[in-house]
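Analysis of the macromolecular model
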Amino acid sequence: MRLPRVPATIALASLAASALPAVAQQIDLRSPEARNAPRTWNVSLGLGVGVAPAFLGSKRGAVAFRPIVSIGRGLGSRWLSVADDNIGIGLIEGDNWRAGVAGKLLWERRASDHSELRGLGNVRFGGEIGGFAEFYPLPWLRARGEIRQGLFAHDALMGDIKLDAFTRLGERWIVSAGPRMSFVGRDFTQTYLGVTAQQSAQSGLPAFKAGHGLLSYGAAAQVTYQWTPRIETSAFVQASRLAGDAANSPLVKQKGSANQFSLGTSVRWTFDTGY
């Protein structure tokens, strides 16, 4: 039997609202030692390494590296941080929300490095800059959104939506998992998955003019161990599927795969600036 929509919505809203007063006290993923440390400015630097698609839409994996950079007051962060969060600096926050600047590096894609890309030309090094916002409707649930503008490599607007359920196991372990969706502007899809008439003649792929919309959907999971207040390691896995024009690209349909899978590990070190 289907529940009436309005009463069900009201019930869910009431449940979430009743949990909000407790959120501020329960969202604190710092280690016990870090919670008592002085709230001076700290910098976190790290490196992630893993196996990811060799390029967007590829069916082959390749070793990939990811820099980790974050700045904040206090040793460690009481907020959830996962592997596919982009470089970010939190600027403002409340009891159960925060927002700030987000950025992403886009490595150069060279056609000569992959036989599937021959004739499609190179995509130069670039980046994306924008902002993020996080909201914790429940003490164990994070909703995060990012909006970024492409620079150099493409000039499209990008958007990510993430939902993560998380919990602390004991004093050192943090486990999280949840769904993801990504949206892209036309220039991003055309740059990475489109095929111009000239590229068609050079590559043998049919010409394809890509549009905007949903790029991918999927899920991610992560396990983190806090060795000390300053050192932590994580292992992550992510699976997604390209959608819309991205999945319909002849590069993906004829030489790649719409199913994208990655896994890896990372290490993060936090140091105190003394201010």
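Let us look at the structure shown here.

About the criteria used
- Residues numbered from 1 in each chain as written.
- Predicted model: local features only at pLDDT ≥ 70, side-chain atom pairs only at ≥ 80, totals over all residues.
- Heavy atoms only, no water.
- Salt bridge = Lys/Arg side-chain N within 4 Å of Asp/Glu carboxyl O.
- Buried < 20%, exposed > 50% of the residue type's maximum accessible area, 1.4 Å probe, protein only.
- Helix = DSSP H or I, 4+ residues; strand = E, 2+ residues; numbered from the N terminus.
- Pairing = 2+ DSSP bridges.
- Phe/Tyr/Trp six-rings, centres within 6.5 Å; stacked < 30°, edge-to-face > 60°.
- Lys NZ or Arg CZ within 6 Å of the ring centre and 35° of its normal.
- Patch = residues over 30% accessible without salt bridge, like charges linked within 9 Å, V, L, I, M, F, W, Y side chains within 5 Å.
- Areas by Shrake-Rupley, 256 points an atom, 1.4 Å probe, with all protein chains shown as cover.
- Core = buried A, V, L, I, M, F, W, Y, C linked by side-chain atoms within 4.5 Å.
- Contact = heavy atoms within 4.5 Å.
- Polar contact = N/O pair within 3.5 Å; in protein donor to acceptor, adjacent residues only side chain to side chain.
- Axes fitted to C-alpha atoms, helices over the stretch in contact; angles between N-to-C directions.

1. A look at the pattern of salt bridges
- Applying the stated criterion across every chain yields a total of 22 salt bridges.
- With a closest N to O distance of 2.9 Å, Arg144 and Glu146 form a salt bridge.
- When its relative accessible area of 5% is taken as the criterion, Arg144 is described as buried.
- Residues Arg148 and Asp160 are paired through a salt bridge, measuring 2.8 Å at the closest nitrogen-oxygen approach. Here Arg148 is found in strand β6 (residues 141–151), whereas its partner Asp160 is found in strand β7 (residues 157–169), with 12 residues between them in sequence.
- Judged by relative accessible area, Asp160 falls into the buried class, the value being 12%.

2. Here we look at the pairing of β7
- Two elements, β6 and β7, share nine bridges in a ladder whose sense is antiparallel. Bridge assignment links Arg144 to a residue of β7, and that residue is Lys162.
- In this antiparallel pair of consecutive strands, β6 and β7, the connection spans five residues, and Phe152 shows a positive phi of 70 degrees.
- The pairing of β7 with strand β8 (residues 173–184) spans 10 bridges and is classified as antiparallel. Looking at the pairing, Arg168 lines up with Ile174 of β8.

3. Remarks on the packing of aromatic side chains
- Applying the stated criterion across every chain yields a total of seven aromatic pairs.
- Judged by centre distance (5.1 Å) and plane angle (35 degrees), the rings of Trp269 and Phe271 are tilted.
- Taken together, the ring pairs connect Trp79, Tyr136 and Phe166 into an aromatic cluster.
- The cationic tip of Arg78 hangs over the ring face of Trp79; the distance from NZ or CZ to the ring centre is 4.0 Å.
- Cation over ring: Arg144 sits above Phe132, and NZ or CZ is 4.2 Å from the ring centre.

4. So, a nonpolar patch on the surface
- A cluster of nonpolar residues, Trp41, Ile71, Ile89, Leu91, Ile92, Trp97, Val101, Ile129, Phe135, Leu151, Phe152 and Tyr275, forms a patch on the protein surface that exposes about 1200 Å² of accessible area.
- Going through the elements one at a time, β3 (87–93), β4 (97–106) and β5 (126–138) are the ones with two or more residues in the nonpolar patch.
- No other element matches the three residues that β3 contributes to the nonpolar patch.
- Summarising the element assignment, Phe135 is placed in strand β5.

5. Some points on the nonpolar core
- Grouped together as the largest cluster of nonpolar side chains are 24 residues, with contacts concentrated most on Phe188, Tyr192, Leu242 and Leu251.
- Put simply, the parts of the chain that give this core at least two residues each are α3 (186–193), α5 (244–248) and α6 (250–255).
- With three residues, α3 is the single largest residue contributor to this core.
- Residues within four places of Leu242 in sequence aside, it is in contact with Leu56, Gly57, Leu215, Ser216, Ala247, Val252, Ser257, Ala258 and Gln260.
- Formed by eight residues, the second largest nonpolar core is a distinct cluster that contains Ile27, Trp79, Leu80 and Ile174.

6. What about the environment of Gln222?
- Locating Gln222 in the fold gives a position in strand β9 (residues 213–226).
- By relative accessible area, Gln222 is classed as buried at 7%.
- For the pair formed by Gln222 and Asn36, sequence separation is 186 residues and the distance between their alpha carbons is 26 Å.
- What Gln222 contacts, discounting residues up to four positions off in sequence, is Ser81, Val82, Ala83, Ile174, Val175, Ser176, Ser234, Ala235 and Phe236.
- Within polar-contact distance, the side chain of Gln222 engages the backbone nitrogen of Ala83 at 2.7 Å.

7. Quick look at the sheet that holds strand β1 (residues 41–53)
- As summarised here, the arrangement of the 11 strands in space is β1-β2-β3-β4-β5-β6-β7-β8-β9-β10-β11, forming a closed barrel in which the pairing is mixed. Recorded for the sheet is a direction-independent mean angle of 20 degrees between the axes of neighbouring strands.
- Here strand β2 (residues 61–73) pairs with β3 via two bridges, running parallel. Its bridge partner being in β3, Ile71 is matched across the sheet by Ile89.

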